[in-house]
Protein chains: 2
Amino acid sequence: MAEEVILLDFWPSPFGMRAKIALREKGVDFDLREEDLSNKSPLLLQTNPVHKKIPVLIHNGKPVCESLVIVQYIDETWGPESPLLPSDPHERARARFWADFMDKKISLGRVVRAPTEEAREAAKEENIQCLKMLEGELGDKAYFGGERFGYVDVSLIPIHSRFYALETLANFNIWEECPKLAAWAKRCMQRESVAKSLPDPHKVYDYMLARTKKLQVQ
Amino acid sequence: MAEEVILLDFWPSPFGMRAKIALREKGVDFDLREEDLSNKSPLLLQTNPVHKKIPVLIHNGKPVCESLVIVQYIDETWGPESPLLPSDPHERARARFWADFMDKKISLGRVVRAPTEEAREAAKEENIQCLKMLEGELGDKAYFGGERFGYVDVSLIPIHSRFYALETLANFNIWEECPKLAAWAKRCMQRESVAKSLPDPHKVYDYMLARTKKLQVQ
């Protein structure tokens, strides 16, 4: 039976990027469907009735929601010969811990959207502290799990698509603050799965600028 | 080699309860160490330098932090004959989705700590809506995963220890709002692993009352 794999996505979403990278790492063909978030499709509302958010992965009619849950599902379903999560339970726990940390602590959008200069500096400082912790975890390894690109890399690398916007809109230069993380991001970008899944940084800049202006008007 | 399993805990924490239930479900002997959160131990600060929070599981010297990461670690490390997570990838994703949902959406503490009557009613309403979604997922099954007590049950049942305090302090009767969830909680409480891991509801009431008063003074 031919597999049907659909991904409901919205191109600037770092969460959607995670799902696309994981699918491409595993060599899974999928039908990418762009959502209009101001007019969500009946399929999105029906497959993610709880959060009504992208990304949603629909595999042979069965939906999976929440990006980290999706990446783990992809890892458990396809390509066991190239796992994203390590096999050792303690290393797996460590990878899950850092992915969870990102979702709880990193919010680059807050830097751009900060209503005052003071709030912006505070949001910048908080993000830098958290990125430095991630840099400490990376250390001198090629990837977070060691020599192989894996779960933590998939989960974090989408931020690369926002670096240009952050530097231009908020004078936030990640390359200066976290040089090891910057070298890691460059390394990840050389992978086809990543390069193909991250949008043009200039397009992300335009999107973030328009979004910030819209919020200011509101 | 004898195993060394230490759990750093604070008795009213629902997150600590998850770890205790999972360890007891798997029949793991562990050294339970109560933390004084106003004077955290060097071991806590050293094993969870990022969040500095309990619970921390330390297995043969290696720490694991964050309750859902800990429960998955326990499941992958001990007792493969009695798994907490289902074996089917889609069912696993579903279980992870609902555990994540709880952590994002359920906050019973907010009901008790609400500064005004209006804020309390709003917090109550939000929690009820989320608990009703969980009840919908439970449906007529004995446990969230079907006939077997598992990951979602471990993650959610700690709220049972707060029902008495909620009813007394905030007139929030979960049994009336969600009868199926109430029957499920009663079923879970019959398990030794759960009964032994949840504190006396009256003690939790005293703790929540004292904490609320302290916050009001501040």
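Look up: the structure comes first, before these words.
Just so we're clear, the structure is a prediction, and the values are computed from it rather than from any experiment.

Here the focus is the sheet that holds strand S1 (residues 5-9) of chain A. Backbone hydrogen bonds are what pair the strands of a sheet, in a parallel or an antiparallel way. Residue and element names in this part refer to chain A. One open sheet accounts for four strands, arranged S2-S1-S3-S4; its pairing is mixed. Each edge of the open sheet is held by one strand with a lone partner, namely strand S2 (31-34) and strand S4 (62-65). Neighbouring strand axes in the sheet, compared pairwise and without regard to direction, differ in orientation by 20° on average. By the bridge criterion, four bridges tie S1 to S2 in an arrangement that is parallel. Counterpart to Leu7 in the pairing with S2 is Leu32.

Mapping chain A onto chain B is achieved by rotating through 180° and translating by 0.0 Å along the same axis, at an RMSD of 0.0 Å. Such values leave the two copies arranged in the relation of a two-fold axis. Taken as a fraction of all interface residues of chain A, those also at the interface in chain B reach 100%, which identifies the copy contact as same-surface.

Here the focus is the pattern of salt bridges. Residues and elements named next belong to chain A. The full count for this structure, using the stated rule, is 28 salt bridges over all chains. For Lys20, the salt bridge goes to Asp9, with nearest N and O atoms at 2.7 Å. One end of the pair, Lys20, is in helix H1 (residues 14-25); the other, Asp9, is in strand S1, and 11 residues separate them in sequence. Overall, the relative accessible area of 6% leaves Lys20 in the buried class. Asp9 sits in the buried class, given a relative accessible area of 0%.

Once that is clear, we can look at the pairing of strand S4 (residues 62-65) of chain B. Residue and element names in this part refer to chain B. Relative to S4, strand S3 (residues 56-59) is paired through four bridges, and the arrangement is antiparallel. Counted as the bridge partner of Ile58 is Pro63 from S4. Hairpin geometry of S3 and S4 is characterised by an intervening segment of two residues between the two adjacent antiparallel strands and by a positive phi of about 50° at Asn60.

Residues and elements named next belong to chain B. Turning to its location among the elements, Asp75 is positioned in helix H3 (residues 67-77). Here Lys26 takes part through its side chain, which lies 2.8 Å from a polar atom of the side chain of Asp75. Polar side-chain contacts of Asp75 include one of 3.0 Å to the backbone nitrogen of Leu85. Apart from residues no more than four positions distant in its own chain, Asp75 is found in contact with Lys26, Ser82, Pro83, Leu84 and Leu85.

Along the polypeptide, Arg18 of chain A turns up in helix H1. Those residues in contact with Arg18 of chain A that lie beyond four places of it in its chain are Ser67, Leu68, Val71, Met102, Asp103, Val154, Ser155 and Pro158 of chain A.

With that settled, consider a positive patch on the surface. Taken together, Lys40, Lys52 and Lys53 of chain A together with Lys105 of chain B make up a surface patch of like positive charges. Assignment of secondary structure puts Lys53 of chain A in the loop between helix H2 (42-47) and strand S3 (56-59). Since its relative accessible area comes to 51%, Lys53 of chain A is described here as exposed.

Put simply, an interface is often sized by how much accessible area is lost when its parts join up. Across the boundary between the two partners, chain A contributes 25 residues, which contact 25 residues of chain B. Between chain A and chain B, the buried area comes to about 2200 Å², and carbon and sulfur atoms account for 65% of it. Taken together, the links from chain A to chain B amount to six salt bridges. With its nearest N and O atoms 2.3 Å apart, the salt bridge here joins Lys104 of chain A to Glu66 of chain B. Counting the contacts that link chain A with chain B gives 10 residue pairs in polar contact (both at pLDDT 80 or more). Those elements that place two or more of their residues in the side of chain A that touches chain B are S4, helix H3 (67-77) and helix H4 (89-105) of chain A. The dominant element in the side of chain A that touches chain B, judged by the number of residues it contributes, is H4 of chain A, at 11 residues.

Now for helix H12 (residues 201-217) of chain B. Residue and element names in this part refer to chain B. In this model H12 runs 24 Å from its N-terminal to its C-terminal C-alpha over 17 residues, within 8% of the 24 Å that 1.5 Å per residue would give. Taken residue by residue, H12 has Val204, Tyr205, Met208 and Thr212 as its buried positions. One face of H12 carries all of its buried residues, which in axial projection span an arc of 105°. Seen from the open side of H12, the exposed residues pointing more than 90 degrees away from its buried face are Lys214 and Val217. Taken together, the buried residues of H12 touch helix H5 (108-113) and helix H8 (163-170). Its side-chain oxygen at 2.9 Å from the backbone nitrogen of His202, Asp200 defines the N-terminal cap of H12.

Calculation notes
- Residues numbered from 1 in each chain as written.
- Chains lettered and ligands numbered in written order.
- Predicted model: local features only at pLDDT ≥ 70, side-chain atom pairs only at ≥ 80, totals over all residues.
- Heavy atoms only, no water.
- Pairing = 2+ DSSP bridges.
- Helix = DSSP H or I, 4+ residues; strand = E, 2+ residues; numbered from the N terminus.
- Axes fitted to C-alpha atoms, helices over the stretch in contact; angles between N-to-C directions.
- Least-squares fit on C-alpha atoms with pLDDT ≥ 70 in both.
- Contact = heavy atoms within 4.5 Å.
- Salt bridge = Lys/Arg side-chain N within 4 Å of Asp/Glu carboxyl O.
- Buried < 20%, exposed > 50% of the residue type's maximum accessible area, 1.4 Å probe, protein only.
- Polar contact = N/O pair within 3.5 Å; in protein donor to acceptor, adjacent residues only side chain to side chain.
- Patch = residues over 30% accessible without salt bridge, like charges linked within 9 Å, V, L, I, M, F, W, Y side chains within 5 Å.
- Areas by Shrake-Rupley, 256 points an atom, 1.4 Å probe, with all protein chains shown as cover.
- Lys, Arg positive; Asp, Glu negative; His and termini not counted.
- Charge placed at Lys NZ, Arg CZ, Asp CG, Glu CD.
- Buried area = accessible area lost by both parts, 1.4 Å probe.
- Expected span 1.5 Å × (residues − 1).
- Arc of directions from axis to C-beta.

From the geometry alone we can't say anything about function, so treat these as descriptive.
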